[in-house]
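Coordinate inspection notes
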Amino acid sequence: MAEVILKGVTKKFGKTVAVSGLDLEVKDKELLVLVGPSGCGKTTTLRMIAGLDDPDEGEIFIEGKSMKGVEPKDRDIAMVFQNYALYPHMDVYNNMAFGLKMQKMPAAEIEARVKEAAKILGIEDLLERKPKALSGGQKQRVALGRAIVRKPRVFLMDEPLSNLDAKLRVQMRAELSRIHKRIGATIVYVTHDQTEAMTMGERIVLMKDGIIQQQGEPMQLYDDPVNIFVAGFIGSPSMNLIDGKIRNTYDGACFDSGDLTISLPEKRFGSLASRDGLDVVLGIRPEHIEDAEFAPMGADRAVLGATADVVEPMGSETLLYVTAKGGTQVTAKVNPSTKAAFGKPVTLSADLTKAHLFDRATGLAMK
């Protein structure tokens, strides 16, 4: 079982705490994604698993064995980097075979492994080419192949797609997911791109300032963020976050931002009626706000009058950036048939059953 377990792992660089008391379990054959902004500690975590950095506190286990004092070469892991790190003077075959040759593996076994990996990756016709004759996507496949031929217990991937153009990144995301299913490997994947994390990860671990903010299946973080940071980081475009207060009226709880007052659905927020005057943040995703002309009617929807600032047709949908009453900036994903135009009034309808409330003082989600 190629499980990876981190217990109370802390890493400091001088006075800077890169990772703080990290507890994490990567299951056998799982594709786990570490995601977060630059400086959150995700790459440091990966380097500690690899043995390139030693934790100041805590312990790391691979397959139940403590990695304390175990050299990187003896951990049976393979790393894939964003810069490919291919040998320019070697052809693809020898790039992929190099590590096996260093292990003095028999030539027949090396050839079998390289050809097997090349078939999985669809690069069988590239084995005689040198890196300068390859595209970015082909180079990344060769880098993956070099890792696959070793048949390691764990793959560690550090932003391997960040140097590819947008279209190729989408293709390679799907390719990596297929490869993972095919080879059944344990993979720890680091990225700062939340879209990459959502589409690839069987489980996501979202970090900030060296601390895990939330972990779970992708849609769990999307649908039920535990705090404002998670809510704002997961989702593209990011969640609309509006400051205001809870007000208790004869009709129940409402959200009041001064110029904007929204009645809150009793089923979802009825328990907050007793929190009158509490400073909160209302969160609602752009995809839950529609041009009122195309939105269904319902008591659990809020109608917002606004002025269109930017209209971005995306084909299957249109992004609207608007200014609502009181100067509140709102982003909405609306029907592509919207008649919204720059500088013109537009009426939006928000689905409040999908809204979130956060305590402004603590940043935590309110139920």
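Our subject is the structure listed above.
Below or above, wherever it landed, is the structure these notes cover. These numbers were taken from a predicted model, which means no experiment stands behind them.

Among the nine residues that make up helix α1 (residues 42-50), seven are buried, leaving the element largely enclosed by the rest of the structure. All buried positions along α1 are accounted for by Lys-42, Thr-44, Thr-45, Leu-46, Met-48, Ile-49 and Ala-50. Backbone geometry just downstream of α1 places Gly-51 in the positive-phi region, at approximately 90 degrees.

Another aspect to go through is the side chain of Asp-53. Within the fold, Asp-53 resides in the loop between α1 and β4 (57-62). Of the polar contacts made by the side chain of Asp-53, one reaches the side chain of Arg-47; its length is 2.9 Å.

Time to look at the environment of Ser-263. In this fold, Ser-263 is placed in strand β13 (residues 261-263). Sequence separation between Ser-263 and Leu-352 is 89 residues; the distance between their C-alpha atoms is 8.8 Å. Once residues within four sequence positions are removed from consideration, Ser-263 is found in contact with Ala-253, Cys-254 and Leu-352.

Moving on: empty space enclosed by the protein. Taken as a whole, this structure holds two cavities of 30 Å³ or more when the rule is applied. One number sums up the size of the largest cavity: a volume of about 70 Å³. Taken together, Ile-242, Leu-260, Ile-262, Leu-282, Ile-284, Leu-304, Val-330, Ala-350, Leu-352 and Ala-355 make up the full set of residues lining the largest cavity. Here the lining of the largest cavity is built from residues that sort into ten nonpolar, no polar and no charged. Put simply, the second largest cavity is a space of about 40 Å³. Together, Leu-144, Ile-148, Phe-155, Met-157, Leu-176, Ile-179, His-180, Ile-183 and Ile-187 line the second largest cavity. Contributions of two or more residues to the lining of the second largest cavity are made by α4 (136-148), β7 (154-158) and α5 (166-183). Sort the elements by how many residues they give to the lining of the second largest cavity and α5 lands first, with four residues.

For the structure shown, the criterion picks out two aromatic pairs. A centroid spacing of 4.9 Å and a plane angle of 55 degrees characterise the contact between Tyr-87 and Phe-98, whose relative ring orientation is tilted. A residue pair is termed long-range when its members are at least 10 positions apart, and Tyr-87 in the loop between β6 (77-80) and α2 (92-102) and Phe-98 in helix α2 qualify at eleven residues. Here Tyr-87 falls in the partly exposed class, since its relative accessible area comes to 32%. When the ring centre of Tyr-222 is taken as reference, the NZ or CZ atom of Arg-285 above it lies at 4.2 Å.

Criteria and thresholds
- Residues numbered from 1 in each chain as written.
- Predicted model: local features only at pLDDT ≥ 70, side-chain atom pairs only at ≥ 80, totals over all residues.
- Heavy atoms only, no water.
- Buried < 20%, exposed > 50% of the residue type's maximum accessible area, 1.4 Å probe, protein only.
- Helix = DSSP H or I, 4+ residues; strand = E, 2+ residues; numbered from the N terminus.
- Polar contact = N/O pair within 3.5 Å; in protein donor to acceptor, adjacent residues only side chain to side chain.
- Contact = heavy atoms within 4.5 Å.
- 1 Å grid on protein atoms, 1.4 Å probe; cavity = no way out; pocket = protein on both sides within 12 Å on 5 of 7 lines; lining within 4 Å.
- Points joined across faces, edges and corners; volume = space filled by probe spheres on them.
- Nonpolar A, V, L, I, M, F, W, Y, C, P; charged D, E, K, R; others polar.
- Phe/Tyr/Trp six-rings, centres within 6.5 Å; stacked < 30°, edge-to-face > 60°.
- Lys NZ or Arg CZ within 6 Å of the ring centre and 35° of its normal.

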